[in-house]
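Chain by chain, the residues:
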Amino acid sequence: MLTRRSLLKTTALAPFATYDQKPLATIKPARLKPGDTVGLVCPAAPAYSREEVQVTQESLVAMGLKTRLAPHFYDRYGYLAGRDADRAADVNAMFADPDIQMVMAMHGGWGCARLLPLLDYELIRRNPKLLIGYSDITALLLGIHTKTGLATIHGPVGSATWNSYTVDRFRRVIMEGEPVVYENPTDKGDTLAQTDDRIWTIRPGTARGPLVGGNLTVLCHLLGSAYVPDWRNKILFIEDVSEDIYSVDRMLTHLKLAGVLNQLSGLVFGKCTRCGPGSGGYGSLTLEDVLIEHIGPLNIPAFAGAMIGHITDKFTVPIGINADMDAEKGLIRLLEPAVV
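All values reported here derive from a predicted model rather than from experimental measurement.

1. What about the nonpolar core?
Then step 1. Judged by nonpolar contacts, the single largest core of 108 residues is most densely connected at Phe170, Ile174 and Leu255.
Then step 2. With sequence-adjacent residues up to four places away left out, Leu255 is seen in contact with Leu216, Leu219, Cys220, Leu223, Leu236, Val260 and Leu261.

Okay, structure coming up:
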């Protein structure tokens, strides 16, 4: 019988919802080869512009790839790209189709988390293949990795800017299978000191562990569900866009209260694009203040500014793959290929 004292004791030991899921062995997808077909899906917001879709297809073809649009690609249901069941069916169908080698989200928006209960995880486990995207696609990346063990890819969506920087990182990770070293550009341009893409060390040191992460907002809204990984000894990378500083503060507090931050071996904060003080103006804490306050006391290596996020030049980062990080140098080094 639970007494008030035993209930309090139980609550103290388990302050947040947990799911007793044994971490699954990591499954690596096959590398992408010239001539392979990329299945384009819209699991979140609708595809508003056919020209944007054409640019995406032409960019992938320029890399030697073929493309195919999902059956419900152009569907629309309000701010969603069609009904949940149809969007989930498109994702399932792409994994089931032997002629598709990579599943790529056209863009983010909102809606991927709504699909998580509708995906066929056993089908995906039996047919492992590349799944790539970022922003709202974080829900699919983390959910599918957690439920199947598949190493998913935090990288460009179809509507990304396919410039030389992004294409190079994309090719090296998922086409060439290179255990890359992620390091920000150091070009000073015409200035005496570097002004763009600087990294800054929150706490120096080195760490090792599997990479997990994605969009901070989406990740926080998955906490307490069965679709988040075991956080123990992981290197967490996070990014966001258009959030006031107080909102970043709130979400990091959420991660702290949920017991996530104190389980990590290291943390990388990517770009927080258009994350200003909001209506608080100069009365606001800075992003640096918030990161130092939340992450500094964790006694783990951490740095900020990595090329991960809603930016033009971006890293392609695998989830579930072992890596080293050096917070003082601002480096992440894959210890193994992300693909086979």
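2. Examining the pairing of strand β8 (residues 206-215)
Then step 1. Most of β8 sits inside the fold, with 7 of its 10 residues counted as buried.
Then step 2. Where β8 lies against strand β13 (residues 322-326), 5 bridges are found, and the strand directions are antiparallel. Pairing of Arg208 across the sheet is with Asp324, part of β13.
Then step 3. Pairing between β8 and strand β9 (residues 235-241): 5 bridges, direction parallel. What sits directly across from Gly213, in β9, is Phe237.

3. Things to note about the pairing of β9
Then step 1. Of all 7 residues that make up β9, 7 are buried, and the element is covered over most of its length.
Then step 2. Side chains of β9 alternate between two faces, with Ile235, Phe237, Glu239 and Val241 and Leu236, Ile238 and Asp240 buried alike.
Then step 3. Sheet topology note: the β9/strand β10 (residues 266-273) ladder contains 6 bridges and is parallel. Within β10, the residue paired with Ile235 across the bridge is Gly266.
Then step 4. This β-α-β element, β9 to helix α8 (residues 245-257) to β10, shows right-handed connectivity.

4. Quick word on the packing of aromatic side chains
Then step 1. Summed over all chains, the structure comprises 4 aromatic pairs.
Then step 2. For the ring pair Phe73 and Tyr74, a centre distance of 5.0 Å and an interplane angle of 85° mean the geometry is edge-to-face.
Then step 3. Exposure remark for Tyr74: the relative accessible area of 30% places this residue in the partly exposed category.
Then step 4. Ring geometry for Tyr121 against Tyr227: centres 6.3 Å apart, planes inclined by 35°, an arrangement best described as tilted. With Tyr121 in helix α4 (residues 121-126) and Tyr227 in the loop between α7 (216-222) and β9, this pair connects stretches of sequence that are 106 residues apart. One exposure class covers both Tyr121 and Tyr227, and it is buried.
Then step 5. A cation over an aromatic ring shows up here: Arg50 above the ring of Tyr74, its NZ or CZ 3.8 Å from the ring centre.

5. Let's talk about unusual backbone geometry
Then step 1. Positive phi, normally seen in glycine, also occurs at Asp197, with a value near 55°.
Then step 2. Relative to the assigned elements, Asp197 resides in the loop between β6 (181-183) and β7 (200-203).
Then step 3. Residues other than glycine seldom take positive phi values, yet Ser242 does so here, at roughly 55°.
Then step 4. Here Ser242 lies in the loop between β9 and α8.

6. Details of the pattern of salt bridges
Then step 1. What the rule picks out here adds up to 12 salt bridges.
Then step 2. Lys271 is the salt-bridge partner of Asp197, the closest N and O atoms lying 3.2 Å from each other. With Asp197 in the loop between β6 and β7 and Lys271 in strand β10, this residue pair connects regions lying 74 residues apart in the sequence.
Then step 3. A relative accessible area of 24% places Asp197 in the partly exposed class.
Then step 4. The exposure class assigned to Lys271 is buried, which follows from its relative accessible area of 15%.
Then step 5. Here the salt bridges do not stand alone but share partners, grouping Asp168, Arg169, Arg172 and Glu178 into one network.

7. Remarks on the sheet that holds strand β1 (residues 37-41)
Then step 1. Pairing within the open sheet is mixed, and its 6 strands lie in the order β2-β1-β3-β4-β5-β12. The open sheet has two edge strands with one neighbour each: β2 (66-69) and β12 (317-319). Strand-to-strand, the axes of this sheet are offset by a mean angle of 30°, without reference to chain direction.
Then step 2. Strand direction decides the pairing type here: strand β4 (residues 130-133) and strand β5 (residues 152-154), joined by 2 bridges, are parallel. Looking at the pairing, Ile132 lines up with Ile153 of β5.
Then step 3. Packing against the sheet, helix α5 (residues 138-148) makes contact with β4, β5 and β12, and its axis sits at approximately 155° to β5.

Calculation rules
- For every chain, the first residue of its written sequence is number 1, and the numbers climb from 1 along that sequence.
- Confidence filtering applies because this is a predicted model: local features only for residues at pLDDT of at least 70, side-chain atom pairs given and counted only at 80 or more, and all residues used for totals across whole chains, interfaces and linings.
- As a rule here, side-chain values come from all non-hydrogen atoms in the structure, and water together with hydrogens is ignored.
- Here the nonpolar core consists of buried residues drawn from Ala, Val, Leu, Ile, Met, Phe, Trp, Tyr and Cys, with membership extended through side-chain atoms lying within 4.5 Å.
- Exposure categories follow from relative accessible area, calculated using a 1.4 Å probe and restricted to protein chains: below 20% of the type maximum is buried, above 50% is exposed, and the middle band is partly exposed.
- Here, residues are in contact when the closest pair of their heavy atoms is within 4.5 Å.
- What counts as a helix is a DSSP run of H or I of at least four residues, what counts as a strand is a run of E of at least two, and both are numbered from the N terminus.
- Paired strands, as defined in this entry, are two strands with at least two bridges between them according to DSSP.
- A crossover gets the label right-handed when its path from the first strand over the helix to the second runs clockwise, viewed with the strands pointing away from the viewer.
- Only centres within 6.5 Å qualify two rings of Phe, Tyr or Trp (six-membered ring in Trp) as a pair; their planes then separate them into stacked at under 30 degrees, edge-to-face at over 60, and tilted for everything else.
- We call a charge positioned over a ring when the NZ of a Lys or the CZ of an Arg lies within 6 Å of the ring centre and within 35 degrees of the ring normal.
- Salt bridges are defined as contacts in which a side-chain nitrogen from Lys or Arg sits within 4 Å of a carboxyl oxygen from Asp or Glu.
- For helices, the fitted axis covers only the stretch in contact; all axes are lines through C-alpha atoms, and the angles between them, taken along N-to-C directions, range from 0 to 180 degrees.

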